[in-house]
Amino acid sequence: MEIPELFNAALLAKLEALAGTPCFVYDEAAIRRQTETMKQFPAPFGLFPRYAMKACPTRAILSIIAEQGIGIDASSGFEVDRALRAGIEPEAISLSTQELPADFGQWIRKGVKLNACSLSQLRRYGQEFPNTKVGIRFNPGLGSGGTAKTNVGGPSSSFGIWHEQKEEVAAILAEFNLTAERIHTHIGSGSDPSVWQRTAHLSLALVREFDTVESLNLGGGYKVARMPDEVSTDLLKIGEPVAAALTAFAEETGRKIRLEIEPGTFVVANAGYLVSQVQDIVNTGPGGHQFIKLNSGMTELLRPSLYAAQHPISIIPRDADGSDRPKEQYVIVGHCCESGDLVTPAPEDGETLASREFPRVEIGDWCIIGGAGAYCSAMSTKNYNSFPETAETLLNPNGDLSLIRRRQTLDQLLSNEI
Ligand SMILES: *Cc1c(COP(=O)(O)O)cnc(C)c1O
């Protein structure tokens, strides 16, 4: 649904009464559509889809997703704890982490599964849990991310065990009598079926090396179109070459490998909106720019500053006839005292200002930023300039809006100071 259509006067009135601005709105129906699609990813020998919770880890969101039989990919011990506290079954949680906490054993004893992401992690797991099964995350040597900062495979990426270190892996497995049951590769393969075909082949080459492996986890990285000119991943289409590779592998080796996928972006990105208000408008004279200042910014939405990410933005006038105003160009900035707090960078170049055209904007108008469900609320410069963490709301399929996270108070922000 187009932003102005979804954020009609009735919804904005509810939102004002419930949370005010800034706040996030998550559209439950949109999340459910994505999880339904995920469950249809072709997998000839069984599929277990997981949600990469780091994209948006709020309890209410985790519950909606888990209710549909979808597991969890956690990126830290804290995320494991958070998922358990949200009521997720330990067996449904898989931990793939850059930092394995000293007390990780407590989660494993509960039933959480680990993908060892380095040789030292595998050794530590073996020391604590000899004679058991374990998953191994490899870096298959191929990378594909939207930007250098989102690239998670290849020699420039630190994620997973480098694919040429198979002997070292085998030696540690043997030393502790461990059985490799899963192989994990998450390289952020995007929307191109041919890249997924290569990913599947490289990953199956690793599965071939370890004959005890029963399932293959291809991670996430399924891109979605936030802007009208971007292309969303057709999950069923990119799944075709993956399924074909699994079938061919089974015919050749007799091994029927189960598939796991674990998208984050795909599930929530386009289900989330950041709603803020225009709190000031300034200009820098002829030859300069006209700036809209929001009552939110990098404290809620860091992706534009970090990746020059483009998000759809609608301005909804406070007064009903506002859309008849003449159109003008605006640069949108956040509320932080930081020149990098830019909501409208040029595509591919976060340093350059870009403008968008709107009917003349006035202080108090609503600004709705779409594509803000993944890596926005969860990944921001929260509390910079002492702005409190933002409220979050859920738009239920029946049109009700409910508060799922209150706005932080200044007392909470200060509570650990001594
Ligand atoms: C972040 C992450 C994902 C999800 O990535 P998306 O691009 O959000 O789909 C999946 N698996 C692992 C291991 C991750 O770190």
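Analysis parameters
Residues numbered from 1 in each chain as written. Predicted model: local features only at pLDDT ≥ 70, side-chain atom pairs only at ≥ 80, totals over all residues. Heavy atoms only, no water. Core = buried A, V, L, I, M, F, W, Y, C linked by side-chain atoms within 4.5 Å. Buried < 20%, exposed > 50% of the residue type's maximum accessible area, 1.4 Å probe, protein only. Helix = DSSP H or I, 4+ residues; strand = E, 2+ residues; numbered from the N terminus. Domains from an automatic or database assignment. Contact = heavy atoms within 4.5 Å. Buried area = accessible area lost by both parts, 1.4 Å probe. Near = heavy atom within 4 Å. Polar contact = N/O pair within 3.5 Å; in protein donor to acceptor, adjacent residues only side chain to side chain. Areas by Shrake-Rupley, 256 points an atom, 1.4 Å probe, with all protein chains shown as cover. Nonpolar A, V, L, I, M, F, W, Y, C, P; charged D, E, K, R; others polar. Arc of directions from axis to C-beta. Phe/Tyr/Trp six-rings, centres within 6.5 Å; stacked < 30°, edge-to-face > 60°. Salt bridge = Lys/Arg side-chain N within 4 Å of Asp/Glu carboxyl O.

**Some thoughts on the nonpolar core**
Residues Tyr-51, Ile-61, Ile-93, Leu-122, Leu-173, Val-268 and Ile-292 are the most contacted members of the largest nonpolar core, which totals 90 residues. In terms of residues, this core owes the most to one element, helix α10 (residues 235-253), which gives six residues. When residues of this core are sorted by domain, at least three fall in each of domain 1 (9-22 + 269-414) and domain 2 (28-263). Beyond its immediate chain neighbours, meaning those up to four positions away, Val-268 contacts Ile-31, Tyr-51, Ala-55, Cys-56, Ile-61, Ile-65, Gly-373 and Ala-374.

**Describing the domain arrangement of the chain**
Its domain assignment divides the chain into domain 1 (9-22 + 269-414) and domain 2 (28-263). If you average the C-alpha positions of domain 1 and of domain 2, the two centres end up 33 Å apart. Domain 1 puts 21 residues into the contact, and the matching count from domain 2 is 19 residues. For the pair domain 1 and domain 2, the summed buried area comes to about 1700 Å², and 63% of that belongs to carbon and sulfur atoms. Taken as a group, Tyr-307, Tyr-375 and Leu-394 account for 26% of the area that domain 1 buries against domain 2, more than any other trio of residues on that side.

**Remarks on the site of the ligand**
Taken together, 13 residues are adjacent to the ligand, and Lys-54, Gly-221, Glu-262, Thr-265 and Tyr-375 come closest. Glu-262 is positioned such that a nitrogen or oxygen atom in its side chain is 2.9 Å from a nitrogen atom of the ligand. One of the backbone nitrogen or oxygen atoms of Thr-265 is found 2.8 Å away from an oxygen atom of the ligand. In isolation the ligand exposes 390 Å². Once the protein is present, 88% of that is buried. When the residues that make up the shell around the ligand are grouped by side-chain class, the tally is three nonpolar, six polar and four charged.

**Focus on helix α2 (residues 9-18)**
An α-helical turn contains 3.6 residues, so a residue and the one three or four places further along point in the same direction. Those residues of α2 lying buried are Leu-11, Leu-12 and Leu-15. All buried residues of α2 project into a common sector of 95 degrees when viewed along the axis, lining one side. Turned more than 90 degrees from where α2 packs its buried face, Ala-9, Ala-10 and Ala-17 sit exposed. Phi for Gly-20, located one or two positions after α2, is positive at around 70 degrees.

**Some remarks on the packing of aromatic side chains**
Pairs of aromatic rings are described using the distance from one ring centre to the other and the angle between the two planes. For the structure shown, the criterion picks out eight aromatic pairs. Ring geometry for Tyr-125 and Phe-129: centres 5.3 Å apart, planes at 35 degrees, overall tilted. Phe-129 sits in the buried class, given a relative accessible area of 11%.

**Observations regarding the pattern of salt bridges**
By the definition in use, this model includes 18 salt bridges. Measuring nitrogen to oxygen at the nearest pair gives 3.2 Å for the salt bridge that ties Glu-16 to Arg-318. Taken together, the residues span a long stretch of sequence, with Glu-16 in helix α2 and Arg-318 in the loop between β13 (313-316) and β14 (327-333) at a distance of 302 residues. Exposure remark for Arg-318: the relative accessible area of 43% places this residue in the partly exposed category. Of the charged contacts, one joins Asp-365 and Arg-325 as a salt bridge, the two residues approaching to 2.9 Å between their closest N and O atoms. Taken together, the residues Asp-365 in the loop between β17 (356-359) and β18 (366-369) and Arg-325 in the loop between β13 and β14 connect sequence positions 40 residues apart.

**Description of helix α8 (residues 166-175)**
Every buried residue of α8 is listed here: Val-169, Ile-172 and Leu-173. For α8, the buried positions fall inside an angular range of 100 degrees around the axis, keeping them on one side. In α8, the exposed residues that point more than 90 degrees away from the buried face are Glu-167 and Ala-174. Turning to α8, the residues buried within the fold contact α7 (119-128), β6 (133-139), β7 (161-162) and β8 (179-184). One or two residues past the end of α8 sits Asn-177, with phi positive at roughly 50 degrees.

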